[in-house]
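As a plain string of letters, each chain reads:
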Amino acid sequence: MTEVEEMQDQKYQGPHLVLIPLPLQGHLNPMLQLATLLHSKGFLITIVHTQFNSPNPSNHPNFNFEPIPDGLSDDRAAAMDIIMLVAALNVAYKAPSEELLRRLVLENPYGPIKCIISDAMMHFTQDVASILNIPRVVIRTSSAISFAAFTAFPLLKQKGCLSVQDHQLKAPVPELPPLRFKDLPSNGLATCDPDTLYHLVTHMVDGVRAASAVIWNAFDYLERTTLTKIQQDFPIPNFPVGPLHKHASSSSSSLLPQDHSCIAWLNKQAHGSVLYVSFGSLVAMEESALVETAWGLANSDQPFLWVVRPGSVHGSDWVELPEGFKEKTKGRGLIVKWAPQQEVLAHPAVGGFWTHSGWNSTLESICEGVPMLCSPWFGDQRVNARYVDHVWRVGMELENGFERREIEQAIKTVMVRNDGQEMRARIKDLKENADRCLRKGGSSYESLNSLKDYILSL
Ligand code: UDP
């Protein structure tokens, strides 16, 4: 048998799990990392995926890939805002997924299905699993703290708190300390229809309640209080097995080509000197914010590696940087379209991360002990940033949007100034605790073994 044949052969062994990711970068990465982890525990993995934002099967030779026929075209998907898109996915993929899963059950090409593991945001899978009588486990790819905020939506709506006037934004939300109204996930989604958002969130939460069990990309040390509260409110088995990216790199699930040339550039920079700047795969900023970002970076005098993703500025495919910016930052700045982020954050030259506070980015930064400057836009990012700044105190949030002077000062605090010293020390400590959770006897390590036993018991 050749090596490839052996690999193919290995695929068709072990209890069979069907994983259904949400086709967005920040959701695909943890789901494929979980797949790698479960495969290493002896499970046979089938990824049921949309053709839109499809993962690349050739990067994962150990898994089966089953595309869901039909659904949304790339063009239709590209025309929607993010909330509309996720809501539409839940409608468009329900019938074709049911048909595909029914075929997998009846024809049994890979063995009987133990359970499906669905992204919680693909809430339609609850109905499909019930119809086909297959147990459904969900994975929440974001933080437990943001899920707790999502569970409060009905109460907040009833009290009229989901959208408040500007002058109330800094007031605390009594039901969700330490969040302020500006930290609620419903903010920052100006173009999105509030009813669509509300229904998506409540369906997602109801789908978690109806699931057999829930897997968290979280670790006990960081979110213990919230995880305990959720366990009480959702009395199904809960498995915090994160941070998942420590088990498998997200490079293999990257939807955009990663520019590795930045590593050679980082090799030439001084230890801890570089600010890494990236706002993830979805954020699109106003051109005026881009200009303030550029001047904030230029005036900070720190070396920087800046990811400017095509489409990351409203209304244009690529961006014009302000005149004079290149000259002022010559020799100390590099701009790329998409970076190998995990490798970048692990590089000794990187000393700070200016992030949109997506959950993967937050965990990746914590696990490398890199302090954060936070500019959250919408959804879970706002909750994550509040905790990074106010509770875990391993970063600071830019409170007033994008203003070059505030940016410059904040960069200096995070990277070099004495007033950032404690934050830099705290994140090194947090990194140690994250490592400990993953080691033998650690909470995530044990939780993963419990997850394996639980699935085998189904
Ligand atoms: N990422 C990457 N290259 C980049 C920027 C981001 O590979 O230049 C990856 C990053 O490592 C993370 C994911 O994209 O795993 C972004 O997920 P996150 O939850 O942080 O944000 P989202 O894109 O969902 O807003």
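Per chain, residues are indexed from 1 in the order of the written sequence. Since the coordinates come from a predicted model, pLDDT governs what is reported: local features require at least 70, and pairs of side-chain atoms require 80 or more to be given and counted, while whole-chain, interface and lining totals use all residues. To obtain the side-chain values, all non-hydrogen atoms of the structure were included, while hydrogens and water were left out.

Draft legend 1. Expanded view of the overall build of the protein. The way it works is that DSSP assigns letters per residue, a run of H or I at least four long becomes a helix, a run of E at least two long becomes a strand, and they are numbered from the N terminus. Check the secondary structure of the protein and you find 19 helices and 13 strands. We compute the radius of gyration from the C-alpha atoms alone; for a globule the expected value is 2.2 Å times N to the 0.38, where N is the number of residues. For 458 residues, the compact-globule estimate of 2.2 N^0.38 gives 23 Å, and the C-alpha radius of gyration of the protein, at 22 Å, lies within 12% of that figure. Taken along the three principal axes of its C-alpha coordinates, the protein extends 65 × 60 × 45 Å. When burial is assessed residue by residue, the protein has 57% of its 458 residues classed as buried. Only heavy atoms enter the contact rule, under which two residues are in contact if any of them lie within 4.5 Å. Sequence-distant contacts in the protein: of pairs separated by 6 or more residues, those separated by 24 or more amount to 72%. Using a 1.4 Å probe, accessible areas were evaluated by the Shrake-Rupley method; residue-level cover was limited to the displayed protein chains. Accessible surface for the protein amounts to roughly 18900 Å². Of this, 51% is attributable to carbon and sulfur atoms. Charged residues are defined narrowly, with Lys and Arg counted positive, Asp and Glu counted negative, and His plus the chain ends left uncounted. To locate a charge, take NZ of a lysine, CZ of an arginine, CG of an aspartate or CD of a glutamate. With 40 positive and 49 negative side-chain charges, the protein shows a separation of 6 Å between the mean positions of the two kinds. Exposed residues in this analysis have more than 50% of their type's maximum accessible area, buried residues have under 20%, and partly exposed residues fall in between, with area computed by a 1.4 Å probe over protein chains only.

Draft legend 2. Focus on the packing of helix α7 (residues 144-151) against helix α16 (residues 380-391). To get an axis, fit a line to the C-alpha atoms, keeping to the stretch in contact for a helix; angles then go from 0 to 180 degrees between the N-to-C directions. The geometry of α7 relative to α16 is characterised by a closest axis approach of 9 Å and an angle of 125° between their N-to-C directions. With respect to α16, the element α7 is oriented oblique. Here the hand of the crossing between α7 and α16 comes out right-handed. Seen from α7, the contacting residues are I145, S146, A149 and F150; seen from α16, they are D380, V383, N384 and Y387. Classification convention: Asp, Glu, Lys, Arg as charged; Ala, Val, Leu, Ile, Met, Phe, Trp, Tyr, Cys, Pro as nonpolar; all other residues, Gly among them, as polar. Of the residues that constitute the contact of α7 with α16, the class distribution is five nonpolar, two polar and one charged. Roughly parallel covers angles under 35 degrees, roughly antiparallel covers those over 145, roughly perpendicular covers 65 to 115, and oblique covers all other angles. For a crossing to be left-handed, the near helix must be turned anticlockwise from the far one by less than a right angle; the clockwise case is right-handed.

Draft legend 3. Spatial organisation of the sheet that holds strand β5 (residues 136-140). Two strands are counted as paired when DSSP detects at least two bridges linking them. Pairing within the open sheet is parallel, and its seven strands lie in the order β3-β2-β1-β4-β5-β6-β7. Looking along the sheet, the strands with just one partner apiece sit at the ends: β3 (64-67) and β7 (238-240). Averaged over all pairs of adjacent strands, the angle between strand axes in this sheet comes to 20°, irrespective of strand direction. Of the pairings in the sheet, the one linking β5 to strand β6 (residues 213-216) comprises four bridges and is parallel in character. By the bridge assignment, V138 is partnered in β6 with V214. The sheet strands contacting helix α19 (residues 443-457) are β1 (16-20), β4 (113-119), β5, β6 and β7, and the helix crosses β7 at an angle near 140°.

Draft legend 4. Looking closely at the environment of S273. Mapped onto the elements of the fold, S273 is located in the loop between α11 (261-267) and β8 (274-278). Accessibility expressed as a relative area gives 14% for S273, which makes it buried. With 81 residues separating them along the chain, S273 and W354 place their C-alpha atoms 13 Å apart. With residues up to four places along the chain from it excluded, the contact list for S273 reads Q302, P303, A349, G351 and M415.

Draft legend 5. Looking closely at the nonpolar core. Put simply, a nonpolar core is a bunch of buried Ala, Val, Leu, Ile, Met, Phe, Trp, Tyr and Cys residues held in one set by side-chain atoms that sit within 4.5 Å of each other. L266, Y276, L305, W306, V344 and W354 are the most contacted members of the largest nonpolar core, which has 127 residues in total. At seven residues, helix α9 (residues 194-209) tops the list of elements feeding residues into this core. Aside from chain neighbours lying at most four places away, what touches V344 is C262, I263, L266, Y276, L305, A339 and V350.

Draft legend 6. Representation of unusual backbone geometry in the model. Residue P177 is joined to P178 through a cis peptide bond whose omega torsion reads 5°. Its location among the elements puts P178 in the loop between α8 (153-158) and α9. Along the chain, G242 connects to P243 via a cis peptide bond; the corresponding omega equals -5°. Within the secondary structure, P243 sits in the loop between β7 and α11.

Draft legend 7. Expanded view of the pattern of salt bridges. Just to be clear on terms, a salt bridge is a Lys or Arg side-chain nitrogen sitting within 4 Å of an Asp or Glu carboxyl oxygen. On inspection of all chains with the given rule, the structure shows 20 salt bridges. One salt bridge in this structure joins R180 and E397, with 3.6 Å as the shortest N-O distance. Taken as a pair, R180 in the loop between α8 and α9 and E397 in strand β13 (residues 395-397) lie far apart in primary sequence, 217 residues in all. On the basis of relative accessibility, which here comes to 10%, the residue R180 falls in the buried class. Overall, E397 belongs to the buried group, its relative accessible area being 7%.

Draft legend 8. Spotlight on the packing of aromatic side chains. Any two of the Phe, Tyr and Trp rings considered here, Trp counted by its six-membered ring, make a pair once their centres fall within 6.5 Å; the pair's planes then place it as stacked at under 30 degrees, edge-to-face at over 60, or tilted in between. By the definition in use, this model includes 16 aromatic pairs. Pairing F147 with W216 gives two aromatic rings, centres 5.3 Å apart and planes at 70°, and the pair type is edge-to-face. Linking F147 in helix α7 with W216 in strand β6, this pair joins segments that are 69 residues apart in sequence. The pair formed by F147 and W216 is uniform in burial state, with each residue classed as buried. Among the aromatic side chains, those forming a connected cluster through ring pairs are F279, W354, W377 and F402.

Draft legend 9. Summary view of the environment of L184. With respect to the element layout, L184 can be found in the loop between α8 and α9. Placed 198 residues apart in sequence, L184 and R382 show a C-alpha to C-alpha distance of 6.5 Å. Once residues within four sequence positions are removed from consideration, L184 is found in contact with L156, C161, V173, L176, L179 and R382.

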